[in-house]
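The chain contents come next:
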Amino acid sequence: MSKGKRVGYIRVSSVDQNTDRQLDGIELDKVFTEKVSGKNTDRPEFQKMLEYIREDDELVVHSMDRLARNLDDLRKIVRDLTARGIKVVFIKENLTFAGDDSPMSILLLSMMGAFAEFERSLIRERQREGIELAKKKGVYTGRKPSLTPEQFEEARARIDSGVAKAKVAREFKVSRETIYRYLAGFKPIDIDASRSAEA
């Protein structure tokens, strides 16, 4: 039985994503959790994990794409950790790397990492194609306006009556830049009205 600790690393790409499902039910001595993009290795909790983990420890990660966002990073991270005598375990892929890995394990690491990277690129491509198609159909409106037309008129009336722009921005829970942008001629889109007009 290993004399080292089982260390978990959990990452989600935004503060809105839930971490509960990752490593659920797995017994761990310590867990590092962060909610940041994995595009590079400059992640606070990731760096703390690298400093904390020691020889004979075991790093447990839900899946390869939680540890790295591209194949080169994945191979480097796994190689660096196993060179320090640390096992790396990927739950989803059911793979363990310990530094004395067979050529088949190394091939699997590259293949699984490449598949994950390829899948992400397909998702991004589908998103771009969906947006372009929606634009051509005239149904893509981008971000929802910060103020409805009615709110904008009310905000402008308050500013015209002498209320400070900063105070109006606070009242409507928008930035001062948003107020300035609207006053400079930006016209919020009434989505429901535009759709009914098209119909």
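Details of the structure are given in the entry above.
The rules behind the values
- Residue numbering note: each chain is counted from 1, following its sequence as written.
- A pLDDT threshold of at least 70 governs which residues receive local features in this predicted model, and a stricter bar of 80 or more applies before side-chain atom pairs are shown or counted, although totals over entire chains, interfaces and linings include all residues.
- Where side-chain values are given, they derive from all heavy atoms of the structure, hydrogens and water being excluded.
- Using a 1.4 Å probe on the protein chains alone, a residue whose accessible area is under 20% of its type maximum counts as buried, one over 50% counts as exposed, and one in between counts as partly exposed.
- Each helix corresponds to a stretch of at least 4 residues labelled H or I by DSSP, and each strand to a stretch of at least 2 residues labelled E; elements are numbered beginning at the N terminus.
- Working definition: the arc comes from the directions between the helix axis and the C-beta atoms, pointing outward to the latter.
- Two residues form a contact once any of their heavy atoms are found within 4.5 Å.
- One requirement defines pairing of two strands: DSSP has to find at least two bridges between them.
- Classification of ring pairs rests on two measures: the distance between centres of Phe, Tyr or Trp rings, Trp counted by its six-membered ring, which must be within 6.5 Å, and the angle between planes, read as stacked under 30 degrees, edge-to-face over 60 and tilted in between.
- Both a distance and an angle decide whether a charge sits over a ring: NZ of Lys or CZ of Arg must be within 6 Å of the ring centre and within 35 degrees of the ring normal.

### Thoughts on helix α1 (residues 44–52)
- Within α1 the residues assigned to the buried category are Glu45, Phe46 and Met49. The buried residues of α1 occupy one face: seen down the axis, they fall within an arc of 105 degrees. Among the exposed residues of α1, those oriented more than 90 degrees off its buried face are Pro44 and Glu51.
- On the buried face of α1, the contacting elements are β1 (6–12), β2 (30–35), β3 (58–61), α2 (64–67) and α3 (71–83).

### A word on the environment of threonine 33
- Here threonine 33 lies in strand β2.
- Along the primary structure threonine 33 and glycine 8 are separated by 25 residues, whereas in three dimensions their C-alpha atoms are 8.3 Å apart.

### Describing the pairing of β1
- Within β1, six of the seven residues are buried, which leaves the element mostly enclosed by the surrounding structure.
- Pairing of β1 with β3, which is carried by four bridges, proceeds in the parallel orientation. Note that in β3 the partner of tyrosine 9 across the bridge is valine 61.
- Pairing of β1 with β2 involves six bridges; the strand directions are parallel. Bridge pairing in β2 links tyrosine 9 to phenylalanine 32.

### Quick word on the packing of aromatic side chains
- Applying the stated criterion across every chain yields a total of three aromatic pairs.
- Ring centres 5.7 Å apart and planes at 70 degrees place the aromatic pair tyrosine 9 and phenylalanine 46 in the edge-to-face group. Residue tyrosine 9 is located in strand β1, and its partner phenylalanine 46 is located in helix α1; the two are separated by 37 residues in the primary sequence.
- Ring geometry for phenylalanine 90 and phenylalanine 97: centres 6.2 Å apart, planes at 70 degrees, overall edge-to-face. Assigned by exposure class, phenylalanine 90 and phenylalanine 97 land together as buried.
- For lysine 30, the ring lying beneath its charged end belongs to phenylalanine 32, and the centroid distance is 5.3 Å.
- Across the ring face of phenylalanine 46, the terminal group of arginine 43 is positioned such that the distance to the ring centre comes to 4.4 Å.

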